[in-house]
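Listed below are the residues making up each chain.
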Amino acid sequence: ERKGDFFVFSKNWTGSPVVGYRKTERWKLDGKKVGLGTAIATSGAAVAPHMALLSISAARSLLSFVNLRLGLWIKRPRETGAISVGRPSGLQLLKEMFGFGMSHDSDWLLVTDGGHLDNSGVYELLRRRCRFIVAVDASADPDGEFQTLITLIRHARIDLGIEIQCDLNEIRPTGDQGLSPAHGTLCRIVYPEEPDVVCLMLYLTTSMTGDEPELIKAYQRNHTDFPNQPTTDQFFDEHQFEAYRRLGVHAARSLFEPILLGHSDSPGSPSAKPSSVHDWLARLYRRIPPGGQKL
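Bear in mind the structure is a predicted one, so any value in this text is a computation, not a measurement.

## Some thoughts on the overall build of the chain
Here is step 1: Scanning the chain for helices and strands turns up nine helices and eleven strands.
Here is step 2: With the C-alpha coordinates of the chain rotated into their principal frame, the extents come out at 60 × 50 × 35 Å.
Here is step 3: Counting the 295 residues in the chain, one finds 40% classified as buried.
Here is step 4: The contacts of the chain with a sequence gap of at least 6 include a subset with a gap of at least 24, amounting to 60%.
Here is step 5: Carbon and sulfur atoms make up 55% of the accessible area of the chain, which amounts to about 16,500 Å² in all.
Here is step 6: Mean positive and mean negative side-chain charge positions of the chain (34 and 34 charges, respectively) differ by 9 Å.

## As for the packing of aromatic side chains
Here is step 1: Taken as a whole and assessed by the stated rule, the structure comprises seven aromatic pairs.
Here is step 2: On the numbers, 3.7 Å between centres and 5 degrees between planes, the contact of Phe6 with Tyr123 is stacked. Placement of the pair is Phe6 in the segment before β1 (8-9) and Tyr123 in helix α4 (residues 123-127), with a sequence separation of 117 residues. Taken individually, Phe6 and Tyr123 each receive the classification buried, so the pair is uniform in this respect.
Here is step 3: Ring geometry for Phe256 and Trp280: centres 4.5 Å apart, planes at 10 degrees, overall stacked. Remark: Trp280 occurs in helix α9 (residues 277-287) and Phe256 occurs in the loop between α7 (238-254) and α8 (258-261); sequence separation between them is 24 residues.
Here is step 4: Residue classification places Phe256 among the partly exposed positions, given a relative accessible area of 40%.
Here is step 5: Taken together through their ring pairs, the aromatic side chains of Tyr219, Phe226, Phe236 and Tyr244 make up a single cluster.

## Thoughts on the confidence of the model for the chain
Here is step 1: Summing up the model confidence of the chain, the mean pLDDT is 86 and the portion of residues at 70 or higher is 92%.
Here is step 2: The low-confidence segment residues 290-295 (pLDDT under 50) makes ten contacts with residues lying over four places distant or belonging to another chain.

## What to know about the sheet that holds β1
Here is step 1: Here we have three strands laid out as an open sheet, ordered β1-β2-β3, and antiparallel in their pairing. Where the open sheet ends on each side, the last strands, each with one partner, are β1 and β3 (20-23).
Here is step 2: Looking at chain direction, strand β2 (residues 13-16) and β3 are connected through four bridges and run antiparallel. In the sheet register, Gly15 faces β3, and the bridge partner there is Tyr21.

## Details of the packing of helix α6 (residues 214-222) against α7
Here is step 1: For the pair α6 and α7, interaxial distance at closest approach is 9 Å and the crossing angle is 130 degrees. Here α6 lies oblique to α7, going by the angle between them. In the packing of α6 onto α7, the handedness of the crossing is left-handed. Taken together, the residues of α7 that come into contact with α6 (itself represented by Leu215, Ile216 and Tyr219) are His239, Gln240, Glu242, Ala243, Arg246 and Leu247.

## A look at the pattern of salt bridges
Here is step 1: This structure, assessed with the given rule, holds ten salt bridges.
Here is step 2: Of the charged contacts, one joins Arg245 and Glu242 as a salt bridge, the two residues approaching to 2.9 Å between their closest N and O atoms. Here the residue Arg245 and the residue Glu242 both occupy positions in helix α7, the gap between them amounting to three residues, near one helical turn.
Here is step 3: Judged by relative accessible area, Arg245 falls into the partly exposed class, the value being 42%.
Here is step 4: If you follow the salt bridges from partner to partner, you end up with Glu124, Arg127 and Arg128 in one network.

## A few points about the sheet that holds strand β11 (residues 194-205)
Here is step 1: As summarised here, the arrangement of the four strands in space is β8-β11-β10-β9, forming an open sheet in which the pairing is mixed. Each end of this open sheet is capped by a strand with a single partner; those strands are β8 (132-137) and β9 (163-165). Neighbouring strand axes in the sheet, compared pairwise and without regard to direction, differ in orientation by 30 degrees on average.
Here is step 2: Pairing geometry for β8 and β11, over six bridges, is parallel. Its bridge partner being in β11, Ala135 is matched across the sheet by Tyr203.
Here is step 3: Across the face of the sheet, α9 comes into contact with β8, β10 (184-191) and β11 while running at roughly 90 degrees to β11.

## A word on the nonpolar core
Here is step 1: In terms of nonpolar packing, the biggest core is built from 24 residues, with Leu126, Leu149, Leu152, Ile164, Ile189 and Met201 touching the most fellow members.
Here is step 2: Contributing elements (two or more residues each) for this core: α4, β8, α5 (147-160), β10 and β11.
Here is step 3: Contacts of Leu126, omitting those with residues within four sequence positions, involve Ile133, Leu152, Ala156, Leu160, Ile162, Ile164, Ile189 and Tyr191.

## Let's talk about unusual backbone geometry
Here is step 1: Cis rather than trans, the peptide bond between Phe226 and Pro227 has omega equal to 5 degrees.
Here is step 2: With respect to the secondary-structure elements, Pro227 resides in the loop between α6 and α7.
Here is step 3: Even without being a glycine, Lys3 presents a positive backbone phi close to 55 degrees.
Here is step 4: Mapped onto the elements of the fold, Lys3 is located in the segment before β1.
Here is step 5: The exposed category is assigned to Lys3, whose relative accessible area is 57%.
Here is step 6: A positive phi angle, near 55 degrees, is found at Asp30, a position not held by glycine.
Here is step 7: Tracing the backbone shows Asp30 in the loop between β4 (28-29) and β5 (32-33).
Here is step 8: Take Asp30: its relative accessible area is 42%, and that puts it in the partly exposed class.

Rules and cut-offs
- Residues numbered from 1 in each chain as written.
- Predicted model: local features only at pLDDT ≥ 70, side-chain atom pairs only at ≥ 80, totals over all residues.
- Heavy atoms only, no water.
- Helix = DSSP H or I, 4+ residues; strand = E, 2+ residues; numbered from the N terminus.
- Buried < 20%, exposed > 50% of the residue type's maximum accessible area, 1.4 Å probe, protein only.
- Contact = heavy atoms within 4.5 Å.
- Areas by Shrake-Rupley, 256 points an atom, 1.4 Å probe, with all protein chains shown as cover.
- Lys, Arg positive; Asp, Glu negative; His and termini not counted.
- Charge placed at Lys NZ, Arg CZ, Asp CG, Glu CD.
- Phe/Tyr/Trp six-rings, centres within 6.5 Å; stacked < 30°, edge-to-face > 60°.
- pLDDT = per-residue confidence, 0-100.
- Pairing = 2+ DSSP bridges.
- Axes fitted to C-alpha atoms, helices over the stretch in contact; angles between N-to-C directions.
- Parallel < 35°, antiparallel > 145°, perpendicular 65-115°, else oblique.
- Left-handed = near helix turned anticlockwise from the far one by under 90°.
- Salt bridge = Lys/Arg side-chain N within 4 Å of Asp/Glu carboxyl O.
- Core = buried A, V, L, I, M, F, W, Y, C linked by side-chain atoms within 4.5 Å.

Structure follows, in structure tokens:
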């Protein structure tokens, strides 16, 4: 059903449980190492003939014919330790066009936008059992359906046995103006091997709460679909870019308010300023959810 699987580029290792992991330096593109720029560009390969959950079989050949192929063909390094070199051939193009032979067992792998399976980027952090996660969801979601988060919750439960518990009413837009109670919500992560350990994910969205600076409000008055303008718009003008940037700053700062953080428990530190991400999320957890457990 998914028509794809997760794949990660990291500093030291690249691959996945399905295709196997190899040292990143062994993955080559035309004999050259895979750089950070290539990894970032591939993570934004939003349009391709094969897009996992978003695949449209009827449009596969058309997308290939008009060359809407933003994915990356990369050759899997051999297990013997030898460096795999070469360029993808016409065979790979035919596979894209007609959808045959697309297998994780192949020497050549097609890597596309991670959003085709998990638009949050959190899945791999859960696989690594991270205890404190800050996630920002900037996808267009005018109806407050939170498909990005719901998909993550489903994949985490099915694949990893991990439960993510959260109250989406904290960030769901309501009323005629579409305002949300808050810019973010805390989710509790329950790992199966440590069910009693409190692990947290702070989930931030591009929502409006009504207390934003006038620059942001002015832009919204003239563009009623802000801040959920379609992501197909790849050419932001100056005012639009600044409105989104300022909204992000405002949303982040709202979660550092003393009324939410209280005072640090660290000895000799009466300041409300958190000393670490752990301290920040722990203090938010004590304030936001009713009956929060002590870390």
